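One-letter residues, chain by chain:
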Amino acid sequence: MSLKRRRESPSARFQPNVDPSSSASLARQLYLALREAIADGRLDAGQRLPSTRLASQEWKLSRGTIAEAYEILIAEGYAIARHGSGTYVTSASHDGLVKPGERKEPVSFATSRRISTAVTMVLTTGPSLEPQKMLPFVTGRMAHDDRTAGLLNRIAGRHMNYAFEGYADIQGEPDLRSAIVAHLAVSRGVRCTVDQLFITAGTQQALDLAFRVLASPGDTVIVEDPCYPPARQCLALNGANIVGLPVDHEGVVTGKLATDDLPPPALFYVTPSNQYPVGSVLSLPRRLELLAYAREHGCWIVEDDYDSEFRYDGHPIASLQGLDQANRVLYTGTFSKALLPSLRLGYLVVPPDLVPVFRAIRPALDRCPPTFQQRVVADFLNEGYFPAHLRRLRERLRASRDLLASLLKDRINEHLHVTLPDQGINLTARSTGTWTSDTAISKAALGKGVVVMPLSRMNVASSDTSRLMFGFSGLSEQEADRATRLLAGVFGI
């Protein structure tokens, strides 16, 4: 019969400040250190103190010294001994001891506590980066079938061995990079080798890495208006001067680049295959115009292809990177939508001559991506499960899209003009003229337990306040029915 090993308490990591040269005995010093830790909440009520054997190993004190300190704590009511179990911090309150879960108020200092101006700007402008509540129409929520979950769990069992792990390749696991390169070549027309691809912690880390390498603080960066908020805030934190170009039904308006008062930027950040958040696709003439401008003026282009797998009608739109003949485009994608957000796996494709630069800089931000998730996803791709998974997922998302669009048109048609997206996992609707403040509608909807995103929070220079975004990924029929009825009440129907 195997014995169940008792879990160590967090107190095992406590390190007392004991000075062997002090005139006070070691036991007295240890007692005072433990009492102070209990009083200020570092050791919580109910925590088990480490055994004298473990404490002796960790604190480099004799077991007798530790036992004496524990006895004083017990005598004064700061700890209690439980026969056969150990010594525990008491839940009683003594001399300013805090109650369980509470902390003393921090000491006030006269000096100001400064943070950077870039962080201040991010905190005071634009939407919050806190995850949204898991309510109907929230964006980014994914729900997958049991078959995919079972496959991932089975594959994960192969790789649960950390005994011989060390630092891995800066760019990521070769097997996963090879599988992604093959997938991108067929599905997105991306032209690259395994050596050009970097595995990242989702798209956000890929963007941060690209922005740091390609633009200096103070450089102008042109983005779409409205723009994906985390990308814009990442640019702000890197000190960029952000300029927005308007977006219409053909994507970002590249004709604005010819104006005399708009100097060439260091780089462009674009979402050409499915503009976030509007949902338009950058037309071929504008793609070619943007590429020609970047080639002529020596600008970089960061192409965010965040949900390219979800094309419902017609052929997939080829990537901007695949059209680039001058190696000015860096391409990024993610598995957050196609598999699971919690995997934190994205990728960045860089031009061949920039590979040494990115390899040199990557360790300063992140020594290497974690290998476990990479190996699981690599097997999932290399063993051929990904295409079937995407087909199943696309059909579920198509059904959710169609259901949501139908319910919105049936119940809120007087107030919303709904555009059915050909790609992606979000749907955008515009006011028919019966309301003018998307933030007011969003706030009222949240009060009824429904999340609708106001696009005005993503504006760079635009003053448009007439559009709302609905997420339909992970949306059940029951949720869609109930939430659209609640939303109809927001408009006073």
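Cut-offs and rules
Residues numbered from 1 in each chain as written. Predicted model: local features only at pLDDT ≥ 70, side-chain atom pairs only at ≥ 80, totals over all residues. Heavy atoms only, no water. Pairing = 2+ DSSP bridges. Helix = DSSP H or I, 4+ residues; strand = E, 2+ residues; numbered from the N terminus. Contact = heavy atoms within 4.5 Å. Axes fitted to C-alpha atoms, helices over the stretch in contact; angles between N-to-C directions. Core = buried A, V, L, I, M, F, W, Y, C linked by side-chain atoms within 4.5 Å. Buried < 20%, exposed > 50% of the residue type's maximum accessible area, 1.4 Å probe, protein only. Parallel < 35°, antiparallel > 145°, perpendicular 65-115°, else oblique. Left-handed = near helix turned anticlockwise from the far one by under 90°. pLDDT = per-residue confidence, 0-100. Salt bridge = Lys/Arg side-chain N within 4 Å of Asp/Glu carboxyl O.

Chemist: An account of the sheet that holds strand E11 (residues 416-419) is requested, with residue identities and associated values reported.
Modeler: The 4 strands lie next to each other as E11-E12-E14-E13, forming an open sheet whose pairing is antiparallel. The sheet is open, and its two borders are formed by E11 and strand E13 (453-454), each paired with just one other strand. Examined bridge by bridge, E11 and strand E12 (residues 426-431) share 4 bridges and lie antiparallel to one another. Paired with Leu416 across the strands is Ser431, a residue of E12. Across the sheet, helix H13 (residues 386-412) touches E11, E12 and strand E14 (467-471), and the angle it forms with E11 is around 160°.

Chemist: Got a sec to walk through the nonpolar core? Specific residues and values, please.
Modeler: If you look at the biggest cluster of nonpolar residues, it comprises 60 residues, and the most contacted ones within it are Phe137, Ile180, Phe335, Leu408, Leu416, Phe470 and Leu487. Examining the composition of this core, we find that 9 residues originate from one element, H13, more than from any other. The contact partners of Leu416, leaving out residues within four places of it in the chain, are Leu408, Ala429, Arg430, Thr432, Trp435, Leu468, Phe470 and Phe491. Counting residues in each nonpolar core, the second largest holds 26 residues, with Leu267, Trp300, Leu330 and Leu354 among its members.

Chemist: So, the pairing of E11: which residues are in play, and what are the values?
Modeler: Alternating residues of E11 divide into Leu416 and Val418, all buried, and His417 and Thr419, none buried. Connecting E11 to the antiparallel partner E12 that follows it, the hairpin turn spans 6 residues, and Gly424 within it adopts a positive phi of roughly 100°.

Chemist: Run through the packing of helix H7 (residues 202-214) against helix H11 (residues 355-365), naming residues and quoting values.
Modeler: Remark: H7 packs on H11, axes separated minimally by 11 Å, with the N-to-C direction vectors making an angle of 120°. Our classification of the angle between H7 and H11 gives oblique. In this structure, the crossing between H7 and H11 has a hand that is right-handed. Along the contact surface, H7 presents Gln205, Leu209, Ala210, Arg212 and Val213, while H11 presents Val357, Phe358, Ile361, Arg362 and Leu365.

Chemist: Please give an account of the confidence of the model for the protein that cites residues and values.
Modeler: Per-chain confidence: the protein averages 87 in pLDDT, with 90% of residues scoring 70 or above. Taking the mean pLDDT of every element in the protein, the minimum, 75, falls on helix H4 (residues 117-124) and the maximum, 98, on strand E7 (residues 267-270).

Chemist: So, the sheet that holds strand E9 (residues 329-334): which residues are in play, and what are the values?
Modeler: As summarised here, the arrangement of the 8 strands in space is E3-E10-E9-E8-E7-E4-E5-E6, forming an open sheet in which the pairing is mixed. What marks the edges here is a single partner per strand, and that holds for strand E3 (197-200) and strand E6 (251-252). Strand direction decides the pairing type here: strand E4 (residues 220-225) and strand E5 (residues 241-248), joined by 6 bridges, are parallel. In the sheet register, Glu224 faces E5, and the bridge partner there is Leu245. Relative to E3, H11 is tilted by about 25°, and along the sheet it contacts E3, E9 and strand E10 (346-349).

Chemist: Break down the pattern of salt bridges for me, with residues and values.
Modeler: For the structure on display, the rule yields 18 salt bridges. When the shortest N-O distance is used, the salt bridge between Arg42 and Asp40 registers 3.0 Å. With relative accessibility at 48%, the residue Arg42 sits in the partly exposed group. Asp313 is the salt-bridge partner of Arg401, the closest N and O atoms lying 3.5 Å from each other. Here Arg401 is found in helix H13, whereas its partner Asp313 is found in the loop between strand E8 (300-304) and helix H10 (320-323), with 88 residues between them in sequence. Shared partners join several salt bridges into a network, and the residues in it are Asp313, Glu395, Arg398, Arg401 and Asp402.

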